[in-house]
Structure formats: C-alpha cells, structure tokens
Amino acid sequence: MNMKKKLLSLSLAAMMTVSLAACGGASDINENGEFNPTKNITWICTSSAGGGSDLFTRKLSEIMTNEKLVNDQTIVVSNETDGAGEVGRNKIATMKSGADYNLLTFNSGDLMPMVDNTKNRAENFRILAIMAVDKQLLFTSETAAEHKTDYAKAGGDLTDFGAAIEAAKNGTYVVIGGSKGDDIATYNALLEELGLTQDQMGYITYDSTGDAITAALGGNLDFVISKPAAASQYVESGDLTPTLALSTERFTGNLADAPTLSEIGDYENVEKPVWRGVAAPAAMSDEAATYWGNVLGQCAESEAWKEYLELNQLIDEYKATEEATQYVADFQADYLASKEG
C-alpha cells in the first residue's frame, strides 16, 4: 500500500471512530454488552431555572455525580423553554445522533400540553423511570411592595381563599398564576368545583413555577399555584404564605396552616397529583436505556433522594423502566379519553 492510500485509510478509520463516538455507539458498549458513558451527558428540562422541574432535575444530576454513578462524566442541565417546552421535547423525541447521552425531565404537566398541541406521544420517547408524585398548593404574597390586582386593591384578604371565592362570585376579578400543564389542569378543576368562570377567576401562564412566584412577589397575582419544592424557600423567608392545599388532606411542616377546599366551604377537595419522571430519545440503545434505568433506581434508593422527598413533601412513587412505561401509557390513554368525552 502506497503512502497516499495508507493515509486515506487512516483518515477513514478515524472518521468512523469519531462518528461512532458522537452517536454513543459501539465504542461505549463493553465486551459484556454494557453501556458506560465516556463523555458529557445533556439533561434537558423544559421549564425555567428555579421551578419544581428544574430543582428535580438538578437534584437527580447532583446525586448521580456525588454518588459516582456516571463514570465521572459531567451532566449539563439545559433549560429549554421555547414553545412552552415543546421545542425541547421534540428535540429529544426526534433525536438520532447522541441519543445515549441525552435525558429529559418528563412529567404529567409536560405530557398533557404535548398531546394537546403536537403530534408527539409518550411512545416517541423511552420512559426510563417515574421518581415521585407531587401535589400543589395556592400561595399568596403579603409582602409585595405594591399589590396591583383588582382583588387586592379592593381590600381583599389575600390569606383567605374563601374570601377570594366570594369576591369573585360578587364581581371582583381574582387572578391566579402558575406554570403550564398540570397547573392549568389543577386550575380548571378548581374552577369547575367552585362554579366560577375564567372571567371571574382568571389564570396567567408562565414558563415555570419560579417565574409565576416572581410575578406573585411583584404583586401581579393574587395567588400562585406551586409545588412545595419551588415555594419552600419563600415560605421560610416569609415572602409567601400557603393559602390552600390542593389535596385531599393538609400538608405538614410549614405548609400545615393551609386548609383544604372542603375546609373553607361546601366543596369537594381538588387535587391533580403530578408524576415526575425521566425520559430519553426513542433512539437510545437498549444498553444505554438499561444503564440509565439502573442509575435512576440507585438514585431512588439513596439517602439524598429520600431527604429531598421528605423536605419537599413529595410522595415516594418510584417505578422502574417497564412499570413506568406502562404507567405513562395508561395515563396518556386516560387523558386522551377524557378529552374525547
């Protein structure tokens, strides 16, 4: 072989090696047929920094790193909120190259608007695990420098949601804010139970719970829907007051003063539990899916994760890959059926 042909062969071999590595291909599968990451992992969260989904994502990535579960590789969390998160979800759903190195935070609040507004479905992803179930509360900010809403300007009691209900029925506009997906579903269920319309008690949608909380602290909302994780630091600082437990029972700790809906009037309690999971591109290899499923299982057993659940009052509902996949498929089927009804 002359020197020119030899150089060409070496160049082609190098190109093939780079291509395989970029795809997370055979170079990352060992002789036992097991995947082991050899470069950075990208974890997409389709909510803004500071929201419940973001905190969930960063806690899991922190545990993976601290517990040395990812072969000393770096996990890069990418907050991608364009199109209310649909751009980020579609990026994962359609990803081919590098599929083994990309994760997605995926919860019921992501699935519902995705199903409503796009052609993507749960089966366009690999569902790796369900990690927990979350519930919500209404909070208010008594400490806002200026209260700008009709209800607040009319002298409404921001700490008494029962008073806000009566005000809305009597013609004073009350405004609630929150994130997309599950927060909107919870708001709609609340409105239906109260017998109110959106013209009486409106809703403003934000990219994340963190953004909605900022609006509440600025006096632009009467009440904000949040899970405990995103709101807890503001409750501790006295900037937010828990006002209504969107649950069948009260929360505990510093959220215990918030009554359920049935405690403030002749209403049924309203709750829309939010499952929180992790997904990946459908193109992810079986070996990588097994690896990430095992890593998430180890996270679920860690003391750091159990402390996170307790601190933020999440329900421990870990489901491994096979069970989680069926769980999400059933949830989607039920949701689609409810839309048809």
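Just above sits the structure.
What this report covers is the structure whose coordinates are included nearby. (Residues numbered from 1 in each chain as written. Predicted model: local features only at pLDDT ≥ 70, side-chain atom pairs only at ≥ 80, totals over all residues. Heavy atoms only, no water.)

1. Describing the sheet that holds strand E9 (residues 241-246)
Thinking step 1. The five strands lie next to each other as E7-E6-E8-E5-E9, forming an open sheet whose pairing is mixed. The strands lining the two open edges of the sheet, one partner per strand, are strand E7 (201-205) and E9. Neighbour-to-neighbour, the strand axes of the sheet open up by a mean angle of 30°, direction not taken into account.
Thinking step 2. As judged from the three bridges shared by strand E5 (residues 136-140) and strand E8 (residues 223-226), these two strands associate in the antiparallel manner. If you follow Leu-138 over to E8, its bridge partner there is Ile-225. (Pairing = 2+ DSSP bridges. Helix = DSSP H or I, 4+ residues; strand = E, 2+ residues; numbered from the N terminus. Axes fitted to C-alpha atoms, helices over the stretch in contact; angles between N-to-C directions.)

2. What to know about the environment of Ile-176
Thinking step 1. Positionally, Ile-176 belongs in strand E6 (residues 174-178).
Thinking step 2. The exposure class of Ile-176 is buried, given its relative accessible area of 0%.
Thinking step 3. Discounting residues that sit within four places of it in the chain, Ile-176 has contacts with Leu-138, Tyr-187, Leu-190, Met-201, Gly-202, Tyr-203, Ile-204, Leu-221, Phe-223 and Ile-225. (Buried < 20%, exposed > 50% of the residue type's maximum accessible area, 1.4 Å probe, protein only. Contact = heavy atoms within 4.5 Å.)

3. Comments concerning helix H7 (residues 182-194)
Thinking step 1. Between the first and last C-alpha of H7 there are 18 Å, a value that for 13 residues agrees with the 18 Å anticipated at 1.5 Å per step.
Thinking step 2. Those residues of H7 that sit buried are Asp-182, Asp-183, Ala-185, Thr-186, Tyr-187, Ala-189, Leu-190, Leu-191 and Leu-194. (Expected span 1.5 Å × (residues − 1).)

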